[in-house]
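Structural overview for review
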Amino acid sequence: MSPAAEAFARLRAGDARRRTEFTVQKRRAVLKRLASEIRAREAEIMAALAADLGKPAVEVRISEIIPILSEIRHTSRHLKAWAGVRRVRPTLSMIGTRATIRPEPKGTVLILAPWNYPLCLALGPLVSAIAAGNAAVVKPSELAPATSALVAKIVAACLPEDLVAVVEGGVETATALLAQPFDHIFFTGSPAVGKVVMAAAAKTLASVTLELGGKSPVILGPDADLKKAARMVAWGKFQNAGQTCIAPDHVFVPRAQEAGFTKALRAEIARMYGARPQASRSFARLIGAKHFERVRGMVTEAVGHGATLITGGEAEAASRYLAPTVLTHVPADAALMREEIFGPVLPVIAYDDLGAVLAGIEAGEKPLALYVFARDRKLIARICAATTSGAVGVNVTLAHFLHLNLPFGGIGQSGLGAAHGRWGFQAFSHEKPVLENRFAVLDPLMPPYGKLSARLARLVQALVG
Ligand SMILES: NC(=O)c1ccc[n+]([C@@H]2O[C@H](COP(=O)([O-])OP(=O)(O)OC[C@H]3O[C@@H](n4cnc5c(N)ncnc54)[C@H](O)[C@@H]3O)[C@@H](O)[C@H]2O)c1
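What counts, and where the lines are drawn
Residues numbered from 1 in each chain as written. Predicted model: local features only at pLDDT ≥ 70, side-chain atom pairs only at ≥ 80, totals over all residues. Heavy atoms only, no water. Phe/Tyr/Trp six-rings, centres within 6.5 Å; stacked < 30°, edge-to-face > 60°. Helix = DSSP H or I, 4+ residues; strand = E, 2+ residues; numbered from the N terminus. Buried < 20%, exposed > 50% of the residue type's maximum accessible area, 1.4 Å probe, protein only. Lys NZ or Arg CZ within 6 Å of the ring centre and 35° of its normal. UniProt positions renumbered as here; feature names shortened; annotations may be inferred. Arc of directions from axis to C-beta. Contact = heavy atoms within 4.5 Å. Polar contact = N/O pair within 3.5 Å; in protein donor to acceptor, adjacent residues only side chain to side chain. Core = buried A, V, L, I, M, F, W, Y, C linked by side-chain atoms within 4.5 Å. Pairing = 2+ DSSP bridges. Axes fitted to C-alpha atoms, helices over the stretch in contact; angles between N-to-C directions. Domains from an automatic or database assignment. Buried area = accessible area lost by both parts, 1.4 Å probe. Nonpolar A, V, L, I, M, F, W, Y, C, P; charged D, E, K, R; others polar. Salt bridge = Lys/Arg side-chain N within 4 Å of Asp/Glu carboxyl O.

**Observations concerning the packing of aromatic side chains**
This structure, assessed with the given rule, holds eight aromatic pairs. Measuring from centroid to centroid gives 6.0 Å for Phe283 and Tyr321, while their planes differ by 80 degrees, and the two rings are edge-to-face. Of the two residues, Phe283 sits in the loop between α11 (258-273) and α12 (289-304) while Tyr321 sits in strand β12 (residues 321-322), which places them 38 residues apart along the sequence. Taken individually, Phe283 and Tyr321 each receive the classification buried, so the pair is uniform in this respect. Its guanidinium or amino end placed over the ring of Phe22, Arg27 lies 5.8 Å from that ring's centre, counting from NZ or CZ.

**Focus: the UniProt feature "domain: Aldehyde dehydrogenase" (unreviewed entry) in the protein chain**
The UniProt feature table records "domain: Aldehyde dehydrogenase" (unreviewed entry) at residues 20-432. Secondary structure within residues 20-432 divides into 44% helix and 20% strand; the distance between the first and last C-alpha atoms comes to 15 Å.

**Quick word on helix α15 (residues 377-386)**
Residues three or four positions apart in an α-helix share a direction because the helix packs 3.6 residues into each turn. Listing the buried residues of α15 in full gives Leu379, Ile380 and Ile383. End-on, the buried residues of α15 take up no more than an arc of 100 degrees, which puts them together on one face. Exposed residues lying more than 90 degrees from the buried face of α15 are Arg377, Lys378 and Ala385. Those residues of α15 that are buried are in contact with β8 (216-220), α14 (354-363), β15 (369-373) and β16 (391-394). The N-capping residue of α15, defined by a side-chain oxygen 2.9 Å from the backbone nitrogen of Lys378, is Asp376.

**A closer look at the nonpolar core**
Note that soluble globular proteins tend to have their nonpolar side chains buried in a common cluster. Ranked by internal contacts, the top residues of the largest apolar core, which has 114 residues, are Ile45, Leu126, Leu159, Ile219, Leu220, Ile246 and Phe261. Leave out the neighbours within four places in its chain, and Leu159 touches Val30, Leu34, Leu126, Ile130 and Val164. Ranked by size, the runner-up nonpolar core spans 23 residues in total, among them Ala165, Leu177, Ile185 and Val197.

**A look at the sheet that holds strand β2 (residues 97-105)**
Across the sheet, three strands lie side by side as β1-β2-β18; this open sheet has antiparallel pairing. The sheet is open, and its two borders are formed by β1 (86-88) and β18 (429-437), each paired with just one other strand. Between one strand and the next, the sheet's axes are offset by a mean angle of 30 degrees, whatever the strand orientation. One ladder, built from three bridges, connects β1 with β2; its direction is antiparallel.

**As for the domain arrangement of the protein chain**
Once the domains are mapped, the protein chain shows domain 1 (3-212 + 414-432) and domain 2 (217-402). Each of domain 1 and domain 2 has a C-alpha centre, and these two points are 31 Å apart. Across the boundary between the two partners, domain 1 contributes 18 residues, which contact 19 residues of domain 2. Roughly 1,600 Å² of surface becomes buried between domain 1 and domain 2 when both sides are summed, with 57% attributable to carbon and sulfur atoms. Linking domain 1 with domain 2 are nine residue pairs in polar contact (both at pLDDT 80 or more), by the criterion used here. When contributions to the side of domain 1 that touches domain 2 are tallied by element, the ones reaching two or more residues are α4 (42-53), α5 (57-83) and α6 (120-131). Counting residues per element, the side of domain 1 that touches domain 2 draws most heavily on α5, at four residues. Along the lines of polarity and charge, the residues of the side of domain 1 that touches domain 2 split into 10 nonpolar, five polar and three charged.

**Points about the sheet that holds strand β6 (residues 184-188)**
Note: strands within a sheet are paired through backbone hydrogen bonds, in either parallel or antiparallel orientation. Taken in spatial order, the six strands line up as β5-β4-β3-β6-β7-β17 in an open sheet, and their pairing is mixed. What marks the edges here is a single partner per strand, and that holds for β5 (164-166) and β17 (415-416). Bridge count for strand β4 (residues 135-139) against β5 is three bridges, and the pairing is parallel. In the sheet register, Val137 faces β5, and the bridge partner there is Ala165.

**Notes on the UniProt feature "active site" (unreviewed entry) in the protein chain**
Under the local residue numbering, the UniProt record ascribes the feature "active site" (unreviewed entry) to Glu211 and Cys245. A maximum C-alpha distance of 9.1 Å places the annotated residues, which cover 35 residues in sequence, within one compact spot. Residue placement: Glu211 occurs in strand β7 (residues 207-211). Here Glu211 falls in the buried class, since its relative accessible area comes to 6%.

**So, the pattern of salt bridges**
For the structure shown, the criterion picks out 21 salt bridges. Lys153 is the partner of Glu44 in a salt bridge, and the nearest nitrogen-oxygen pair spans 3.1 Å. Placement of the pair is Glu44 in helix α4 and Lys153 in helix α7 (residues 145-158), with a sequence separation of 109 residues. By relative accessible area, which is 29% here, Glu44 ends up partly exposed. Since its relative accessible area comes to 45%, Lys153 is described here as partly exposed. For the salt bridge of Glu339 with Arg294, the shortest nitrogen-to-oxygen distance reads 3.1 Å. Taken as a pair, Glu339 in the loop between α13 (335-338) and β14 (345-351) and Arg294 in helix α12 lie far apart in primary sequence, 45 residues in all. Several salt bridges converge on common partners, so that one network encompasses Arg12, Asp15, Arg18 and Asp183.

**A look at the side chain of His184**
Along the polypeptide, His184 turns up in strand β6. Among the polar contacts listed, one links the side chain of His184 to the side chain of Ser207, at a separation of 2.6 Å. Not counting the four nearest positions on each side in its chain, His184 is found in contact with Lys106, Thr108, Val109, Leu110, Ser207, Val208, Thr209, Ala427 and Phe428.

Written out as structure tokens, the structure reads:
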């Protein structure tokens, strides 16, 4: 038996038992152990992420550790309410019945994680899966090997073997796992692999949550505070060297503000990373050689076709360093404007007509996030109404990821379903309706149909219709 099949079979064997025995109290206790283990291994977590991504310690805390710990805290606090049986009122034709909704675990689920936030995006969904009462197989990304090994170590140290299994490996391992009849697949990664996952899920009719990527645009209104916008955009873009699914991909700025905004951006980059970002301890590295060459190649291509380099562009292959880079006049057909950039490169595009910008966004793939910087509330409302995206940030970037009373997810090419808090719990639950007959008048509606049933059916229609 392959490790994938073995892990699945081992967990699946406990499905029926867990349904009755894995109480809210026990789920909370498991989550508490996970939180303690993460706290105890902080230094190892920092070291693993430094090895994989050169990720600064503060960024590890903010974007890897805090999201998991706050997910555990929030979930533990609300779990009793989320998991409880809810009574619902009968609708008109159902008078005489008693109806409840019982959230129950889907069973044994699969979590496939990417490399860019390799701890948070492996263990965050696991919190929701356990909270909903499931067993889970987690496959971390092979491209972040130090963190992948640490995820396996953390899980082995604190979670029961018959509840969670970590299976490490690459595409082959993922493919073997996808062949197992999991009850739900929670995938975070690229839209291209998202399609592979959905096709595999179709074979067993597993439900899916797809947390994908895409190009998240920023729109500056004419009244935007340029300094504040530049600070937020630089933070959102250059954190983790741009390898963030909700990073601002490119910025649309009114033509009159283009020079002021790029000047403010240059100042913010210098303030955040100093005159030599390569020496900064606040700036991460690209994940691997292939990814480095892809992003650097996009910059070279754009500059070769007339883009203006405002700042950055320096690169060092050996350390996978690419400087925070800002470009203007990037041709519309350049790879930078077609592909998700996923690196520290920011095209700034001057616009004359906001309507055309909005129409362009609507004509393309639906973004995972869209950011607006403006003061005029009417303009903000117009942009919100005219565009579709996974989420909207107004005068802020990235932070909606941390707000656990908001669903987190994409739409269309940027994803399917939602994660975090209550939505994460629901993704891994089946909301089972239970309808109980008490004194419902159904007999006269049964065959043989006579005058009475015809009259009653008409009466019911008149009542409800
Ligand atoms: N929406 C979100 O929450 C979110 C978060 C982080 C990253 N992302 C997106 O993820 C992408 C970057 O991550 P990535 O490069 O790790 O994604 P990826 O799709 O290459 O890999 C994700 C996972 O799928 C596995 N995988 C890769 N190819 C596979 C295949 N052919 N068949 C089966 N499994 C396969 C990998 O081993 C990994 O575990 C970006 O597009 C980014 O926007 C989205």
